[in-house]
Amino acid sequence: MTKLRKEFPGGRALLIGIGKGYSGQLELPDVVRNDAEALGAVLRDPELCGYPASQVRLLLDADATRANILSELQELVDNARPSDTVIIFFSGHGGQWTVGADACGYICPADYVSMDPENTGIKTDELSNLVNAIPAARVVLILDACHAEAAAVVKSD
């Protein structure tokens, strides 16, 4: 029996997995990176999802810096089409600060510095604004991190 090969040119993904990319005590198990790689394999597989390999971007471990994550999100804002389906997956550390008027959540890139979350984390507003600016009709945001509920505010319409 011949297996059906799928092609989904409107599929785009940004998959981020940070385990060993964190320094010291922030380091996470290999499974965190492996989850991002495995999701990428499923999305690119022509017998499963058929996303074009060039449109499935992986940022793993030390490559998942604040600048690289923001750049890849901006690339989705600039290049996704209204008919596209975009998947954004983040597996790594998340956090939140709850004191004062600046209380918010954030995700922690590989170059996150725990003593400077304001400047090295990606805060709720920053992440939400970029995700909400992606012009695709379907945007799926998956956050596998502590405090993920505080890390983004998504479209409601």
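Criteria and cut-off values
- Residues numbered from 1 in each chain as written.
- Predicted model: local features only at pLDDT ≥ 70, side-chain atom pairs only at ≥ 80, totals over all residues.
- Heavy atoms only, no water.
- Phe/Tyr/Trp six-rings, centres within 6.5 Å; stacked < 30°, edge-to-face > 60°.
- Buried < 20%, exposed > 50% of the residue type's maximum accessible area, 1.4 Å probe, protein only.
- Pairing = 2+ DSSP bridges.
- Helix = DSSP H or I, 4+ residues; strand = E, 2+ residues; numbered from the N terminus.
- Axes fitted to C-alpha atoms, helices over the stretch in contact; angles between N-to-C directions.
- Contact = heavy atoms within 4.5 Å.
- Expected span 1.5 Å × (residues − 1).
- Arc of directions from axis to C-beta.

(A) View of the packing of aromatic side chains. Considering all chains together, one arrives at two aromatic pairs under this definition. Centre to centre, the rings of Tyr106 and Tyr112 are 5.8 Å apart; their planes meet at 25°, and the pair counts as stacked. Take Tyr106: its relative accessible area is 7%, and that puts it in the buried class. Tyr112 gets classed as buried once you look at its relative accessible area, which sits at 11%.

(B) Representation of the sheet that holds strand S2 (residues 56–60) within the structure. Taken in spatial order, the four strands line up as S2-S1-S3-S7 in an open sheet, and their pairing is parallel. The open sheet terminates on both sides in strands that have one partner only, identified here as S2 and strand S7 (138–144). Strand-to-strand, the axes of this sheet are offset by a mean angle of 5°, without reference to chain direction. Relative to strand S1 (residues 11–17), helix H2 (residues 66–79) is tilted by about 170°, and along the sheet it contacts S1, S2 and strand S3 (85–91).

(C) View of the environment of Glu47. With respect to the secondary-structure elements, Glu47 resides in the loop between helix H1 (30–44) and S2. In this structure the C-alpha to C-alpha distance between Glu47 and Lys3, which are 44 residues apart in sequence, comes to 6.8 Å. The contacts of Glu47, once residues within four sequence positions are left out, are Lys3, Leu4 and Lys6.

(D) Representation of the sheet that holds strand S6 (residues 122–123). The three strands are arranged S4-S5-S6 in an open sheet whose pairing can be described as antiparallel. Because the sheet does not close on itself, it has two edges, and the strands there are strand S4 (94–97) and S6. Pairing geometry for strand S5 (residues 104–107) and S6, over two bridges, is antiparallel. Directly across from Ile107, in S6, lies its bridge partner Ile122.

(E) A look at H2. Look at H2: 20 Å from first C-alpha to last across 14 residues, which is about the 20 Å you get at 1.5 Å a residue. Considered for burial, the residues of H2 that qualify are Ile69, Leu70, Glu72, Leu73, Leu76 and Val77. Considered in projection along H2, the buried side chains sweep an arc of 160° and stay on one side of the axis. Opposite the buried face of H2, by more than 90 degrees, sit the exposed residues Ala67 and Asp78. Turning to H2, the residues buried within the fold contact S1, S2, S3, S6 and helix H4 (124–133).

Scope: geometric values only; no functional claims are made or implied.
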